[in-house]
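Descriptive structure summary
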Amino acid sequence: MPPSPSPSLSGRTVLVTGATSGIGHQTARLLAERGATVLLHGRTSEEARAAVDRLVTLSDVPADRLRAHGADFTRLEEVERLAVRVLAEHPRLDVLVNNAGMAAPEQHTVTADGNEIAFQVNFLAHYLLTHLLEPALTGGTGGRVVNVSSALHRTGSIQWNDPNRTRRYSRLAAYAQSQLALTVFAADPRVTAVSVHPGICATSLLPLYAHQGEAPAEGAAHVVRLCDPATEIVNGAYYDREHRVAPAPAATEERTVKRLSKLAGVLVGHTA
C-alpha cells in the first residue's frame, strides 16, 4: 500500500518529470500529500496544469503545494528553458525525480536534435536537466536525484559508436539502452543519485513487460520512499522496488560512467 500521509516531507521541494499520468502522477500525489511542494512536469503546460487540477480536485491536495511546468523532451531547447524557470523560482531543489519516459517506436525515429527519440526522452533530456539543475540540488544539504529506471536495463547495451542505432534498430533494444544509460547515470559523482525499478505497473509502458501490472500508486510508493531524507542512499545505488540490489555490471564501472557522461555531453551539445 502507498504510505499514509505524513509530515516528513514538509518544507521540501521536488520536481517530478512525466507527472501527468502513471507512476509520475501518483508520485506527485503521494509527495504532496506528505507535505512537499511538488513541481509537476508535463509535455505541455496545458497537460501539466490539467494534472495539477486533477490532484486538487480528486486528492484534496492544497493547490499552493503544486506547480505546473511544461517541456517537450523531444526538444532539448525546451529542457533548457524548463531548467531556467525552475532555477529562477526554486533556487533550492531537494529532489529531482527523473521519471518521464516513452516506449521506443516501431520505426526508427530521430528528434530535431538528431538523437534517437527514446534515448533522448528517457535519458539525454534527464542528463541535461539534472546538470542544469545541479546548483539547486547541491546548494543545500541532502539534495538527491531519483531515476525511475527499469529491470530491462539488464538486457541493454550502449552502442557507443552508434547510440542512435541507425545501422541496426530494434525498439526493445533502443528502450533497454535508454534505461541502462539512465541507470549508469546515477553513478555520476556530481549529484547524489539512485535508480529504481518500481515494479511492473499498469501504465503506457506495460506492453513492454507483461499483460497485467500493479496499480501505478504501488510503483510510486517505491519512488517516494527514495525521495524521503529519512531513507539513506548511496550514490549510484539501484533498487528493485524496496530492495537494494546490484544493477547490471556496466552500471558500476567507473570507465562506463565517464564514457557515458562524455557521450551525453556531446549529444546534448552541453559540457556539464
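Everything here concerns the structure above.
The present account deals with the structure reproduced in this document. (Residues numbered from 1 in each chain as written. Predicted model: local features only at pLDDT ≥ 70, side-chain atom pairs only at ≥ 80, totals over all residues. Heavy atoms only, no water.)

1. Topic: helix α2 (residues 45–59)
Worth spelling out the cut-off: Numbering of helices and strands starts at the N terminus; helices are DSSP runs of H or I of at least 4 residues and strands are runs of E of at least 2. Expected helix span is computed as 1.5 Å times (number of residues minus one). Under the scheme applied here, a residue whose accessible area is under 20% of the maximum for its type counts as buried, over 50% as exposed, and between as partly exposed, the area being computed with a 1.4 Å probe on protein chains only. In this description, the arc belongs to the directions extending from the helix axis to the C-beta atoms.
Taking 1.5 Å per residue, 15 residues should reach 21 Å; α2 reaches 21 Å between its end C-alpha atoms and fits that length. Along α2, the residues that are buried comprise A48, A51, V52, L55 and S59. End-on, the buried residues of α2 take up no more than an arc of 100°, which puts them together on one face. Opposite the packed face of α2, turned more than 90 degrees from it, sit the exposed residues E46, T57 and L58.

2. A few points about the nonpolar core
We apply this condition: Among buried residues, the Ala, Val, Leu, Ile, Met, Phe, Trp, Tyr and Cys ones that are joined through side-chain atoms within 4.5 Å form a nonpolar core. Pairs of residues are marked as contacts when any of their non-hydrogen atoms sit within 4.5 Å.
The biggest cluster of nonpolar side chains holds 43 residues, and the ones touching the most others in it are L15, F73, L93, L96, F123, L129 and L133. The greatest single-element share of this core, amounting to 10 residues, is contributed by helix α4 (residues 117–132). Aside from chain neighbours lying at most four places away, what touches L133 is L15, A83, V86, L87, L93 and L96. L40, V95, V194 and Y239 belong to the second-largest nonpolar core, a separate cluster that totals 32 residues.

3. Here's the deal with the packing of α4 against helix α8 (residues 254–268)
Applicable threshold: Simply put, an axis is a line fit to the C-alpha atoms, just over the touching stretch for a helix, and the angle between two N-to-C directions goes from 0 to 180 degrees. Oblique is the label for any angle not under 35 degrees, not over 145, and not in the 65 to 115 range, which are roughly parallel, roughly antiparallel and roughly perpendicular in turn. Residues are sorted three ways: Asp, Glu, Lys and Arg are charged, Ala, Val, Leu, Ile, Met, Phe, Trp, Tyr, Cys and Pro are nonpolar, and all the rest, Gly among them, are polar.
Two elements in contact, α4 and α8, have axes whose closest approach is 10 Å; the angle formed by their N-to-C orientations is 95°. Classified by the angle their axes make, α4 and α8 are roughly perpendicular. On α8, the residues that touch F119, F123, L124, Y127 and L128 of α4 are L260, S261, A264, G265, L267 and V268. Class assignment of the residues belonging to the contact of α4 with α8 gives a composition of nine nonpolar, two polar and no charged.

4. Considering the side chain of N147
Tracing the backbone shows N147 in strand β5 (residues 144–148). If we skip the residues at most four places from it in the chain, N147 touches N98, L182, F185, A186, V194, S195 and V196.

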